[in-house]
Structure formats: C-alpha cells, structure tokens
Amino acid sequence: MREFNIHQNKTVALKYLAPDAIDAYLAQCGDRVMCVVGFGSSRCAALKSRFPVLWVDTPVSGSDAVYEVWTSDKPVTQYSDELMTGAGNEDLFFGCLSARFVSAVDLSETALRIYSGIFDFHQRGTYPNLLRVWNYFPEINAVEGGIERYRSFSVGRHEAFVRYNRKVEDSPSACALGSHGGPLAIYFLASRFPGVQIENPRQTSAYHYPKQYGPRSPTFSRATLAFQGDSPTLFISGTASILGHDTVHPESVILQTRETLANIRAVIDQAGKQGFKFAGFGSGMALKAYVRHTEHLNVVRDIIRAEWSVLQELVVLQADICRTDLLLEIEAVCWGSVS
Ligand code: 3EB
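Undergrad: So what exactly am I meant to see when it comes to the pairing of strand β1 (residues 12-17) here?
TA: The two faces of a sheet get side chains in turn, since along a regular strand they alternate between them. Across the 6 residues that make up β1, a large majority, 6, are buried. Residues Val12, Leu14 and Tyr16 point to one face of β1 and Ala13, Lys15 and Leu17 to the other, with burial holding for every one of them. As paired elements, β1 and strand β4 (residues 65-72) share 6 bridges and run antiparallel to each other. If you follow Val12 over to β4, its bridge partner there is Ser72.

In structure tokens:
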C-alpha cells in the first residue's frame, strides 16, 4: 500500500496507513495524534506507540490491516474515563468507545447507554456538538427476538437523542456497518462549534424514513460541514444506492456503485450551496468503501478509480451493510475552502 502525504495544514488531517508504516507515522506526529482506528481481520502486532487503538474486525482489500489516523495541527490533550479514551485540541475532540453485547435486544440498551454517555460528555465539557460518528458491530443483519440487530441499534440510538433533547435535524453524519466479531465499537468527532447539517435532495432524510425500515428512524444527517477558519471539512455519511428511501439496483453491484457515487456528488453539490468550495477529487478527498461480498471488492474499487482517477486516499473494506439488499456503502471526507 502506498503512503500518501496529503491534507497537511488542515485542522484535522486523515491518513490511511499500512501496518509497516504506522509506527513511523505516529512517532512523527507525536503529540498531535487524535485518534487511531485499526481495521483488519485480526489484530496486528502491538504498535510501538502507546496510543490506544480502537480495533474493528473487517477484512481489508489488499492488506492485512489498515490504520485510520486522525491528527491535529496543534498538540492535543489525552483524555480517558470509564466510558472512553480520546484526545482533543482547542476545538475538536475524538473519542473511542466499545461495549460488549449479547443479542439484538441487548444491543438496543447498549446503544442507548453508549450514546447517553457521549451526550453526557458533551454536556459536561468543551465539545457540545457531535459532528461525525462511526458505528461497527458484528452480525448487523442478524434477526434475534423478532428484530434485526441494525434496527435494534437504531432504536437505542434514537432513544438517546430523545432523552437528551437532540433534534434529529441536528444529527451527526454517521455510518453503521457489520464487523466480523468483537464488541459494539464506536468513534466520534465532537466540536466546540456546531457543524452545518447537509441533506441529499435525491434521498429522504434518514430521520424521516418510514417505519418499514425499523420502529425508530436512524439518527444521522447525510453530511456535516465543519468550518475551521478558512478550511472547511465535509464529513459525508456512509452513502448507498438509495433514492428517496428505496434501495435501487438490488441485483447489480456495478449500478449500486455508480448510484452511490452520484449520491456523494449530490451531497458535495448541496454543501456547495452552503459555501463549501470543494478542493477536488485529488488531494481534497479521502474515501472508505465497505463491500458486502469479497468477490465484489475489486469491482467496486475499479469503478471508483475509473470515475475519480485522481483520488489519492482510498480504502476498501469488507463489511456487512445495514440493509440486506445493499451490496456496498461509501463514506468520504472532503476538504475545501470557503467560497
Ligand atoms: C442509508 O442511507 C444507508 O444508521 O448510522 C448510512 C449511514 C446508513 C449511516 C446509520 C446508515 C447509517 O440509509 C445506511
């Protein structure tokens, strides 16, 4: 895997690193490291760095593992309590949490507890605004006690938003994927300043999905735009082949990939209306794709590469998607300027 050198001098920078590059990179970044998440089918050898790593059990295309590393342009302060580990600078905070659960019903309560903990943390401190959340748990499509794990997760998460008086319209951008094992693993970015929520005109807002997708709607926005001085960052949620609220092209991984990229473009265009001037698909974007079936990994990667050939940061993972008819989901981080 190549090592890329982009997104320097941004308030938060993101890099995807192979196992042989991670130690040197963490040493180089020193006290500016905010968050390290390892993706792979089994935990790699311990890092030299003492920085805590949140591990997510998802096979990686073309590598044993990949590390997602978020850094700040200023030194950060480490944080830990019973619920989470994290690190923050003046404006931004990354937190990592994980919790065991045994079944779909238990997952709902676990999600409620974890999200309540996150909102308690917001109310106590410097970072009251939730910008972006990543959610991973095993067997996301398993049905237990009459409810699918993903839907049960959405119920607990929704309940936390209600209890803490969070308007669904202010939901963070997010993703929810099925890992191959392990606990409910969550990491999040919180901010001193609120982000701007962006919706996709091609899609029903997820928090207005009808009941056919579960008893409580998922609480996420299609993207959040975070203004940090003159360099805004657009966090695009996990995006799939959905128009309105319907899955489209259930039989075709090729068409699902194209529709998903069209949805991502639509979200970027929508952010443009809020003053986001996208830096472009080269150094201005990092993409993480989740593909349900191993045999589709290369197809999805090749379509992305064909469409956006200049893309520098791309990771393709194998994970289950939250609707059984979805074959892939793609999330993105975009950098830009204020127009
Ligand atoms: C969708 O658009 C596909 O429940 O946090 C995408 C992003 C999806 C986030 C979540 C789910 C979530 O409905 C699934």
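Here the narrative resumes, following the displayed structure.
Undergrad: Would you take a moment to explain helix α1 (residues 19-29) for this structure?
TA: Turn by turn, an α-helix covers 3.6 residues, leaving residues three or four places apart pointing in a common direction. Looking only at α1, the buried set comprises Ala21, Ile22, Tyr25, Leu26 and Cys29. Take α1 and look down its axis: the buried residues cluster within an arc of 130°, on one side only. Along α1, the residues that are exposed and aim more than 90 degrees away from the buried face are Asp20, Ala24, Ala27 and Gln28. Each element contacted by the buried residues of α1 is listed here: β1, β2 (33-40) and β4. At the C-terminal side of α1, Gly30 shows a positive phi close to 50°.

Undergrad: Would you mind showing me how to read the site of the ligand here?
TA: Near the ligand there are 13 residues, and of these Tyr150, Arg157, Tyr209, Arg222 and Gly238 occur at the shortest range. Within the side chain of Arg222, one N or O atom sits 2.8 Å away from an oxygen atom of the ligand. In isolation the ligand offers 360 Å² of accessible surface; the protein chains occlude 100% of this area. For the shell around the ligand, the secondary-structure elements that each account for two or more residues are α3 (149-163) and β11 (173-179). When residues in the shell around the ligand are grouped by element, the largest group, 3 residues, is from β11.

Undergrad: Help me understand the sheet that holds β4, please; the structure alone is not making it clear to me.
TA: Strand pairing within a sheet occurs via backbone hydrogen bonds; the two strands may be parallel or antiparallel. Read across the open sheet, the 4 strands follow the order β1-β4-β2-β3; overall the sheet is mixed. Two strands close off the open sheet at either side, each with one partner strand: β1 and β3 (54-57). In this sheet, neighbouring strand axes are inclined to one another by 15° on average, regardless of whether the strands run parallel or antiparallel. Along the sheet face, α1 touches β1, β2 and β4 and points at about 15° away from the line of β4.

Undergrad: What should I look at first to understand the sheet that holds strand β7 (residues 92-99) in this one?
TA: Read across the sheet, 6 strands follow the order β5-β6-β7-β12-β8-β11 without closing on themselves; strand pairing throughout is mixed. Sheet topology places β5 (77-80) and β11 at the edges, where each strand pairs with a single neighbour. Sheet twist, expressed as the mean angle between neighbouring strand axes with direction ignored, is 15°. Where β5 and strand β6 (residues 85-88) come together, 4 bridges link them in antiparallel fashion. Residue pairing for β6: Thr77 is matched across the bridge by Gly88. On the sheet, helix α2 (residues 104-124) packs against β5, β7, β8 (129-138) and β12 (184-191) and is oriented at approximately 25° with respect to β12. Sheet strands touched by α3: β8, β11 and β12. Its angle to β8, the strand with the most contacts, is close to 150°.

Undergrad: Explain the pairing of strand β14 (residues 223-226) to me, please; I cannot follow it from the model alone.
TA: Side chains Ala223 and Leu225 of β14 all project onto a buried face; the interleaved residues Thr224 and Ala226 project onto the opposite face, where all are buried too. Pairing analysis gives 4 bridges linking β14 to strand β15 (residues 233-239), with the strands arranged antiparallel. Across the sheet, residue Ala223 finds its bridge partner in β15, namely Ile236.

Undergrad: Quick question: what am I supposed to make of the packing of aromatic side chains here?
TA: Pairs of aromatic rings are described using the distance from one ring centre to the other and the angle between the two planes. The tally for this structure, following the rule as stated, stands at 26 aromatic pairs. Their ring planes at 55° and their centres at 5.9 Å tell us that Trp70 and Trp134 sit as a pair that is tilted. A residue pair is termed long-range when its members are at least 10 positions apart, and Trp70 in strand β4 and Trp134 in strand β8 qualify at 64 residues. For the pair shown, Trp70 and Trp134 are each scored as buried. Within the aromatic cluster, the residues linked to one another by ring pairs are Phe39, Trp70, Phe94, Trp134, Tyr136, Tyr187, Phe235 and Tyr290.

Criteria and thresholds
- Residues numbered from 1 in each chain as written.
- Predicted model: local features only at pLDDT ≥ 70, side-chain atom pairs only at ≥ 80, totals over all residues.
- Heavy atoms only, no water.
- Buried < 20%, exposed > 50% of the residue type's maximum accessible area, 1.4 Å probe, protein only.
- Helix = DSSP H or I, 4+ residues; strand = E, 2+ residues; numbered from the N terminus.
- Pairing = 2+ DSSP bridges.
- Arc of directions from axis to C-beta.
- Contact = heavy atoms within 4.5 Å.
- Near = heavy atom within 4 Å.
- Polar contact = N/O pair within 3.5 Å; in protein donor to acceptor, adjacent residues only side chain to side chain.
- Areas by Shrake-Rupley, 256 points an atom, 1.4 Å probe, with all protein chains shown as cover.
- Axes fitted to C-alpha atoms, helices over the stretch in contact; angles between N-to-C directions.
- Phe/Tyr/Trp six-rings, centres within 6.5 Å; stacked < 30°, edge-to-face > 60°.

These figures come from the coordinates and say nothing about function on their own.
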